[in-house]
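Each chain, written out:
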Amino acid sequence: ERALELLAQMEVRGLQRNRGCWNATMQVLVSASQLDEAFKLLHRLPPSDDVYPSYHSLLEACRRTGDPRAMQVKADIDRHGLSSTSALVKYVVDRTELQHSNGPDSRKLADDLERLYDQVCQNTAYRPRHDALPFGFVQTASVAEQVK
């Protein structure tokens, strides 16, 4: 409630609200399980990649709680063409730090990552977590596709 009050005060005073304000307020609302208020906030957000984390936080909160409005959030993300910024993955192989970012990759990189994944699965206790996959992918992919 306090986060929404602060956001309202900023509006009254004519202060610009940036992505940090929007995203932090959304995080507070979903953390407090105030999903109805989070949806109200979502409709006030400017549709830009800067606020993608707000959409994603609400999507994941709906997913965790089984709220069927997750499909609405996913549709809004798609409709606005929102996407996250590229993730950078760093890992060590044979004492050498390597890094890759997501996005359009070469076939060699995809093959290297597939081999790394196979090695991790064979040599550690790691098992794939389907709940960590993107919501839209889980809705359309088979279990076999999710593991691959």
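Residues numbered from 1 in each chain as written. Predicted model: local features only at pLDDT ≥ 70, side-chain atom pairs only at ≥ 80, totals over all residues. Heavy atoms only, no water.

S.K.: What's the story with the side chain of Asp-67 in this structure? I'm lost.
M.R.: Checked against the element boundaries, Asp-67 lands in the loop between α4 (52-65) and α5 (70-80). Contact partners of Asp-67, with chain neighbours within four places excluded, come to Leu-35 and Cys-62. (Helix = DSSP H or I, 4+ residues; strand = E, 2+ residues; numbered from the N terminus. Contact = heavy atoms within 4.5 Å.)

S.K.: Explain the nonpolar core here, please?
M.R.: When a protein is soluble and globular, its nonpolar side chains tend to lie buried together. One finds Met-26, Leu-42, Leu-45, Tyr-55, Leu-58 and Val-73 to be the most contacted residues of the largest nonpolar core, which totals 26 residues. Those elements that provide at least two residues to this core are α1 (2-12), α2 (19-31), α3 (35-42), α4 and α5. Excluding its chain neighbours within four sequence positions, the residues that come into contact with Leu-42 are Met-26, Tyr-55, Leu-58, Val-73 and Asp-76. (Core = buried A, V, L, I, M, F, W, Y, C linked by side-chain atoms within 4.5 Å. Buried < 20%, exposed > 50% of the residue type's maximum accessible area, 1.4 Å probe, protein only.)

S.K.: Is there a simple way to think about the confidence of the model for the chain in this case?
M.R.: In low-pLDDT regions, the fine details of the predicted coordinates are not to be read closely. This prediction gives the chain a mean pLDDT of 79; 82% of its residues lie at or above 70. Confidence scores differ between elements of the chain, with helix α8 (residues 143-147) showing the lowest mean pLDDT of 70 and α3 the highest of 91. (pLDDT = per-residue confidence, 0-100.)

S.K.: I would appreciate a short explanation of α2 in the present structure.
M.R.: Because an α-helix packs 3.6 residues into every turn, residues spaced three or four apart end up facing the same way. Helix length check: α2 (13 residues) gives 18 Å between terminal C-alpha atoms against 18 Å at 1.5 Å per residue, within 8%. Taken together, the buried positions of α2 are Cys-21, Trp-22, Asn-23, Thr-25, Met-26, Leu-29 and Val-30. Positioned one or two residues after α2, Ser-33 has a phi angle of 60°, which is positive. (Expected span 1.5 Å × (residues − 1).)

S.K.: When you look at the environment of Ala-24 in this model, what are you seeing that I'm missing?
M.R.: Within the secondary structure layout, Ala-24 lies in helix α2. Each C-alpha atom of the pair Ala-24 and Ser-54 lies 8.0 Å from the other, and the pair is 30 residues apart in sequence.

S.K.: Is there a simple way to think about α3 in this case?
M.R.: Residues Leu-35, Ala-38, Phe-39, Leu-41 and Leu-42 constitute the buried set of α3. Buried residues of α3, viewed axially, fall in a sector of 160°; they line one side. Relative to its buried face, α3 has exposed residues pointing more than 90 degrees away, namely Asp-36 and Lys-40. (Arc of directions from axis to C-beta.)

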